[in-house]
Amino acid sequence: MNTGQQHEHIETVVVGGGQAGLATGYHLARRGCPFVILEAGERIGDCWRDRWDSLRLFSPARFDGLPGLPYPGDAWAFPTRDEFADYLQAYAAWAELPVRTGVRVRRLSYDGTRYVVETDGAPTYTADNVVIAAGYDRLPKVPDFAAELDPDVRQLHAASYRGPGQLHDGPVLVVGAGNSGADIALELSATRRVLLSGPHPGQIPWRIERRVSRALTPVLFFLFRHVLTVRTPMGRKTRPRVLAHSAPLIRVKSRDLKAAGVERVARTAGVRDGRVELADGTRPEVANVLWCTGFRPDVSWIDLDVFDGDGEPVQRRGVVEGRPGLYFVGRLFQYAMASSMIQGVGRDAEFVVRQLAGRTGRASVAERADGSRKPSASSAGTGVSPG
């Protein structure tokens, strides 16, 4: 590290100010651990504001709260992207979390004594502990053959899609039939012919928003949190499929797509003569291709030998045992099906912080005198000292 560069030492640095990072901050504050949260966005919640305009969460509001602060309003409504982004911003203010926005981490390394967190600007941070909560959905996944499409075909990934106005006139092929693909296909069907490509991921067999089904929905999320985990045979069997494919459809159903005129077609296999070719050999004439093919995590900035051959961190419930002081929160199926879901990050964050606090000698929770679950303002201090 350049000794002339401005730097600060903080006991714990949390990388990422989305729901996973904020939940981690809540539990760190409750235990009186000095920390700071580094968020690349200019505002807390920008990772949600940058999604498509009509996005609503796939889970009802009663399952969308973070530790200590339930999501406000109708428990069975599906919050919009902006509503949830505003909730995250309000949550950070409520919990008095030390979030530094507009700070993008470009490299994480270890100097033999402490972790070194380098950012695009000043300062460089050193830390005893680092929690990586930067979000699983970082880099859009697009097949290599997408580059072979005729340039006249408008193609976008769901990460760049905002609304129908971005597309050319004419039919659209939506590649990827998971929750995002189904949602966007349904929206686009109001203005154009839509072909939906890919295997059906399955769906929950009831209308999650209907009053008569509300007793079943908590069972679903109990399954995601407590049954489908790395500790159960069912969870261990399910995990590889979840990592490789989409979760089942939650809100949009197959009959909704059929009623809207969305046409189900075979898996997209490649490109021939500038046109998409499906697995059944057909090449549909479309003016647009929308890739709803998921994301992959960006770990290029983590300059530490902690990954296996598949690029997954070698961790147990977020704890990297081979690298003391390094933790993950919010990764897909990190411990359970719910690990990357809003209603699952709090439990994983609590576990990680309990291990971290035990390592730093802060094993007990610093409760407020009034008995509330809100962290005290003093406990959320950063504990920054000049390097």
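Keep in mind it's a predicted model, so treat the numbers as computed, not measured.

Notes on the sheet that holds strand β11 (residues 263-265)
Part 1: Spatially, 5 strands are ordered β8-β14-β9-β10-β11 in an open sheet, and the strand pairing comes out parallel. In the strand order of this sheet, the two ends are held by β8 (154-157) and β11, each with one partner. Sheet twist, expressed as the mean angle between neighbouring strand axes with direction ignored, is 20°.

As for the pattern of salt bridges
Part 1: All told, the structure shown has 17 salt bridges when counted by the stated rule.
Part 2: Between R49 and D86 there is a salt bridge, with its nearest N and O atoms 3.2 Å apart. Of this pair, R49 sits in helix α2 (residues 46-49) while D86 sits in helix α3 (residues 81-94), and the two are 37 residues apart along the sequence.
Part 3: Here the salt bridges share partners, and the residues they tie into one network are R43, D46, R49 and D86.

Some remarks on helix α4 (residues 179-188)
Part 1: Among the 10 residues that make up α4, 7 are buried, leaving the element largely enclosed by the rest of the structure.
Part 2: Of all the positions in α4, only N179, G181, A182, D183, I184, A185 and L188 are classed as buried.
Part 3: Where α4 is buried, its residues contact β9 (172-175), β10 (194-197), α7 (254-259) and β14 (288-291).

A look at helix α6 (residues 233-244)
Helical periodicity: at 3.6 residues per turn, an α-helix aligns residues three or four positions apart in one direction.
Part 1: Within α6 the residues assigned to the buried category are G235, T238 and V242. Relative to the axis of α6, the buried residues are bounded by an arc of 70° and lie together on one face. Facing away from the buried side of α6 by over 90 degrees, the exposed positions are P233, K237 and A244.
Part 2: On its buried face, α6 sits against α5 (217-227).

A look at the packing of α5 against helix α8 (residues 342-360)
Part 1: Relative orientation of the contacting elements α5 and α8 amounts to 30°, with a least axis distance of 11 Å. Looking at the two axes, α5 sits roughly parallel to α8. The interaxial crossing formed by α5 with α8 has right-handed handedness. From α5, F221, F224, R225 and H226 reach across to α8, where they touch Q343, G344 and R347.

Considerations on unusual backbone geometry
Part 1: Residue P123 follows A122 across a cis peptide bond; omega there is 0°.
Part 2: Its location among the elements puts P123 in the loop between β5 (115-119) and β6 (124-132).
Part 3: At R317, a residue that is not glycine, the phi angle is positive and equals roughly 55°.
Part 4: Residue R317 is classed as buried on the basis of its relative accessible area of 17%.
Part 5: Backbone geometry at F333 places phi at a positive 50°, although glycine is not the residue there.
Part 6: In this fold, F333 is placed in the loop between β16 (326-328) and α8.
Part 7: Classification of F333 by relative accessible area gives buried; the value is 0%.

Reading the values: the criteria
Residues numbered from 1 in each chain as written. Predicted model: local features only at pLDDT ≥ 70, side-chain atom pairs only at ≥ 80, totals over all residues. Heavy atoms only, no water. Pairing = 2+ DSSP bridges. Helix = DSSP H or I, 4+ residues; strand = E, 2+ residues; numbered from the N terminus. Axes fitted to C-alpha atoms, helices over the stretch in contact; angles between N-to-C directions. Salt bridge = Lys/Arg side-chain N within 4 Å of Asp/Glu carboxyl O. Buried < 20%, exposed > 50% of the residue type's maximum accessible area, 1.4 Å probe, protein only. Contact = heavy atoms within 4.5 Å. Arc of directions from axis to C-beta. Parallel < 35°, antiparallel > 145°, perpendicular 65-115°, else oblique. Left-handed = near helix turned anticlockwise from the far one by under 90°.

By themselves, these observations are geometric and do not establish any function.
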